[in-house]
Amino acid sequence: MRTAMTIASRELGSYFRQPAGWIIVSLYLLLAGLVFATSVLVPGRPASLREFFAISGWLLLPVAPAISMRLIAEELRSGTIENLLTAPVSAWALVIGKYIGACAFLAAMLTPTLVYPVLLFMHASPTPDIGPVIAGYSCLLLLGALYLALGLLASTLTNNATLAFMITLFGILAFIFAGVAGDAAPAALKPAIYQIAVGPRVLDFARGVLDTSHIIFFAAVSAYFVLLSVAVMEVRRWR
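**Quick notes on the overall build of the chain**
Of the regular secondary structure elements, the chain holds 13 helices and zero strands. Of the regular secondary structure in the chain, the N- to C-terminal order runs α-α-α-α-α-α-α-α-α-α-α-α-α. Evaluated residue by residue, the chain yields a buried proportion of 46% over its 239 residues. If you take every contact in the chain between residues at least 6 apart in sequence, the share linking residues at least 24 apart comes to 76%. Summing over all exposed atoms, the chain offers an accessible surface of approximately 11700 Å²; the carbon and sulfur share of this is 70%.

Below, the structure is given as structure tokens:
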């Protein structure tokens, strides 16, 4: 675990040492600010961040692939992966360290948006409930963790960061539009397809509902993609 945390620390620092990391943060905060201004700071609307959280999940659509696309793909492209795989570093430590670093960067990116609920609590009347705010940020972290796990897997499959970005993007779209696909699917497949749809789960979080089944879903699917990434790296080690 110490090795994984060392890799995570290095990975987190690399985001802030490169212009790409700051561009990602700036892009997200710009879009989040526009969403806050147009969905919350509207005269006559209730003092609630429900719409902000519901829309913010969409903002992760371009951001999460941009964060994850270079995690392993860049190591494969540059050839440094050979040193990592031959060093006394397990595939577990490498993959989990990369993943934790990406998730930490996501959390750091979301941190400045905490000013939005603070402003709402200071100036709105009546004061909004804290519960939906906690649920909303929990949703963004869990949703982002799932998208990053998917992006990590895509990054282990190719040395082309752009291709990893596209694979992750289409994978995320599959989760988002699973509900629409379920409507057109045969009756026998509808329940299974609806289960992987993230839209209804995000809406529940946005309404302030902390459903344990939703938390388990995001955690389990994220863990599944991370395990697949470890398996891919083990194959690369012994190939």
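Back to the write-up after that little detour.
**Some details on the packing of helix H3 (residues 50-68) against helix H12 (residues 199-206)**
As a packed pair, H3 and H12 sit with axes 8 Å apart at the nearest point and diverge in direction by 150 degrees. Viewed along their axes, H3 and H12 adopt a mutual orientation that is roughly antiparallel. The chirality of how H3 crosses H12 is right-handed. The segment H3 lies against H12, with Arg 50, Phe 53 and Ala 54 engaging Val 202, Leu 203 and Ala 206. A class-by-class count of the residues in the contact of H3 with H12 yields five nonpolar, no polar and one charged.

**So, the environment of Ala 219**
By secondary structure assignment, the location of Ala 219 is in helix H13 (residues 212-238). According to the relative accessible area criterion, Ala 219 is partly exposed, its value standing at 42%. Along the sequence, Ala 219 and Ala 145 sit 74 residues apart, while their C-alpha atoms lie 8.2 Å from each other.

**So, the layout of surface pockets**
Approximately 340 Å³ is the volume attributed to the largest pocket. Those elements that place two or more of their residues in the lining of the largest pocket are helix H1 (2-17), helix H2 (19-39), H3 and helix H4 (73-78). A total of five residues in the lining of the largest pocket trace back to one element, the largest contributor, which is H1. In terms of residue class, the lining of the largest pocket is built from seven nonpolar, five polar and seven charged.

Basis of the calculations
- Residues numbered from 1 in each chain as written.
- Predicted model: local features only at pLDDT ≥ 70, side-chain atom pairs only at ≥ 80, totals over all residues.
- Heavy atoms only, no water.
- Helix = DSSP H or I, 4+ residues; strand = E, 2+ residues; numbered from the N terminus.
- Buried < 20%, exposed > 50% of the residue type's maximum accessible area, 1.4 Å probe, protein only.
- Contact = heavy atoms within 4.5 Å.
- Areas by Shrake-Rupley, 256 points an atom, 1.4 Å probe, with all protein chains shown as cover.
- Axes fitted to C-alpha atoms, helices over the stretch in contact; angles between N-to-C directions.
- Parallel < 35°, antiparallel > 145°, perpendicular 65-115°, else oblique.
- Left-handed = near helix turned anticlockwise from the far one by under 90°.
- Nonpolar A, V, L, I, M, F, W, Y, C, P; charged D, E, K, R; others polar.
- 1 Å grid on protein atoms, 1.4 Å probe; cavity = no way out; pocket = protein on both sides within 12 Å on 5 of 7 lines; lining within 4 Å.
- Points joined across faces, edges and corners; volume = space filled by probe spheres on them.

Take it as geometry only, folks, not as evidence of what the structure does.
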